[in-house]
Structures are given as structure tokens and as C-alpha cells.
Amino acid sequence: MAHMCRLVTGSAASCAGWVGVIVATATNDWVRTCEYALATCIRMDELGTRGLWTECTISPALYHCQALSQMLSLPAYVQTSRALMICACLLGLPAMLLVLMSMPCVRLQNDNFAVKQQRARVGGVLFILMALCGIISTVWFPIGSHQEAHLMSFGISLYAGWVGSGLCLLGGFTILCCQGTDPGTPGRDNSFYYSRQRGTATPLDPPANHAKSARV
């Protein structure tokens, strides 16, 4: 029962983290920057938002966005962050399928407990790799943006990426810590041998205090 609870908890946390990573990849409110001096941006009330796909200028009288479509002219941190976030989104699908197929309630042909354990471990490792890709991307992107312009604040998309990566990391380690026992293997307390002389089943390992109670 404890094995099932840990597996379900890790799967739910990883699934929620996967959704957070997808939201962070699809949206563009990663960082808010200022191209001028800080006092000038505050006085003009003009900020810029930058994400993986677009770069926008926001002011009371203007909202203009420009798509970052020139792949060769983009900075290295933007291209690397894109690649890492796309890899993280793609890794979530096989990881989730492997974890779901390792559930005790799912029965496949020629399936046993050892195969389910192996599937769960592989799924947990994929979730951890997914979290590492998200963490590297969401940490490197604001650092690179700060080197180009004055970094004002973090955007909602960046927070979604951090939360999603943290949940994937937590869920992956929770799945890896699921070490259950095979329900089809009998324990020592339920082991019996058959006696041909009496035709009765006798416990394999009698309790240690059985002899003492017999003498009394």
C-alpha cells in the first residue's frame, strides 16, 4: 500500500510539473527588462518583456511585440534555453507513460513485478532529466538577459518553469524511492512444507518460543 501511495504521489507531482514546464515554454513573460537607465524606465513607465519566442515593449500608449525568428542572429542563451525546454516537454510524454504502465492496477501481457519496477525507475530518471533541463534553462535565461539589458523583475512564465522543474525533480526522486515487494512472492510466515508421513502442512520455520511453550 505504501509503495502504491508513493508511486501515485510521485506521478501526480511529476504530471503537475510537466504542465508547468509546458506553460513556461509556450508563454513569453520570462523576464522584464529596461533598455535605458533604471530611473528613465520608471519615469517613462516603459518596460520590455522577453521570452523564448518574442520580445515585447510595454508602455501606457504602446504594446509592440517582435518575434524572435532569426535563429542565426539570436544569442546563445536564447537558443540553448529553447532547446532545453523543448527537450523537457518531449521527455515528459515517455516518462509519464512508463510510470503509468508501472502501476500495480495496470496489467500487461507477460508482465511481472520486476518489469514494473524497471519501468518506474526509467520513468523517474526521465523526470529528473526533464527537471534538470528546465532548471538550467530558467536559470541561464535571466542571467543572459541581464547581461544585455537591465533586468527589472522575473515574469510569470519563469516562475512557472521553476515550480514545474521543482515538482518534476521531487516526483522523479519519489518514484525512484518506491521499493516495494512482489505481492506474488510468499513471505516466511506463510511458507509451509508438506509432510508425507502425516499428510499435513507444517510451518517451515516454527516460532522460536514454540519449544519453550511446549515444555511448560
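Quick caveat: nothing in here was measured; it's all calculated off a predicted structure. (Residues numbered from 1 in each chain as written. Predicted model: local features only at pLDDT ≥ 70, side-chain atom pairs only at ≥ 80, totals over all residues. Heavy atoms only, no water.)

Peer 1: What's the story with the overall build of the protein in this structure? I'm lost.
Peer 2: Across its full length, the protein holds 6 helices and 7 strands. Beginning at the N terminus, the succession of helices and strands in the protein can be written as α-β-α-β-β-β-α-α-β-α-β-β-α. Counting only residues that meet the buried cut, the protein has 37% of its 216 residues in that class. With an accessible surface of roughly 13100 Å², the protein has 65% of that area assigned to carbon and sulfur atoms. (Helix = DSSP H or I, 4+ residues; strand = E, 2+ residues; numbered from the N terminus. Buried < 20%, exposed > 50% of the residue type's maximum accessible area, 1.4 Å probe, protein only. Areas by Shrake-Rupley, 256 points an atom, 1.4 Å probe, with all protein chains shown as cover.)

Peer 1: I keep staring at the pattern of salt bridges and nothing clicks. Help me out?
Peer 2: Pairing between side chains of opposite charge can happen when the charged atoms of each approach one another. For the structure on display, the rule yields 3 salt bridges. Note that Arg32 is salt-bridged to Asp29, the shortest N-O span being 3.1 Å. For Arg32, a relative accessible area of 30% corresponds to the partly exposed category. Between Glu55 and Arg50 there is a salt bridge, with its nearest N and O atoms 3.2 Å apart. Using a relative accessible area of 27% as the deciding quantity, one classes Glu55 as partly exposed. We classify Arg50 as buried; its relative accessible area is 7%. Among the charged side chains, a network of salt bridges with common partners joins Arg50, Glu55 and Glu148. (Salt bridge = Lys/Arg side-chain N within 4 Å of Asp/Glu carboxyl O.)

Peer 1: What am I meant to see in the UniProt feature "transmembrane region" (unreviewed entry) in the protein here?
Peer 2: Under the UniProt annotation, "transmembrane region" (unreviewed entry) lies at residues 83–101, 122–144 and 156–178. Across residues 83–101, the secondary structure splits into 100% helix and 0% strand, with the terminal C-alpha atoms separated by 28 Å. Within the segment residues 122–144, helix and strand shares are 100% and 0% respectively, and the terminal C-alpha atoms sit 33 Å apart. (UniProt positions renumbered as here; feature names shortened; annotations may be inferred.)

Peer 1: So what exactly am I meant to see when it comes to the environment of Val99 here?
Peer 2: Along the chain, the position of Val99 falls in helix H3 (residues 76–101). Spatially, the C-alpha atom of Val99 lies 8.1 Å from that of Leu7, the residues being 92 residues apart in sequence. Apart from the residues lying within four places of it in its own chain, the contact partners of Val99 are Leu7, Ser11, Gly123, Phe127 and Ile175. (Contact = heavy atoms within 4.5 Å.)

Peer 1: Teacher, can you tell me more about the sheet that holds strand S2 (residues 47–50) here?
Peer 2: Strand pairing in a sheet is mediated by backbone hydrogen bonds. Such pairs are either parallel or antiparallel. Spatially, 5 strands are ordered S4-S3-S2-S1-S5 in an open sheet, and the strand pairing comes out antiparallel. Each edge of the open sheet is held by one strand with a lone partner, namely strand S4 (62–67) and strand S5 (150–154). In this sheet, neighbouring strand axes are inclined to one another by 25° on average, regardless of whether the strands run parallel or antiparallel. Bridge analysis of strand S1 (residues 31–34) against S5 gives 4 bridges, and the strand direction is antiparallel. Directly across from Cys34, in S5, lies its bridge partner His150. Sheet strands in contact with helix H4 (residues 113–148) are S1, S2 and S5, and its direction is about 145° off that of S5. (Pairing = 2+ DSSP bridges. Axes fitted to C-alpha atoms, helices over the stretch in contact; angles between N-to-C directions.)

Peer 1: Looking at this model, I keep getting lost on the packing of H3 against H4. Mind explaining?
Peer 2: The relative placement of two packed helices comes down to the angle between their axes together with the axis-to-axis distance. Contact pair H3 / H4: the axes reach a minimum separation of 8 Å and the direction vectors enclose 160°. Comparing the axis directions of H3 and H4 gives the class roughly antiparallel. Like other packed secondary-structure pairs, H3 and H4 cross with a definite hand, here left-handed. Here the contact of H3 with H4 is composed, by residue class, of 21 nonpolar, 8 polar and 3 charged. (Parallel < 35°, antiparallel > 145°, perpendicular 65-115°, else oblique. Left-handed = near helix turned anticlockwise from the far one by under 90°. Nonpolar A, V, L, I, M, F, W, Y, C, P; charged D, E, K, R; others polar.)

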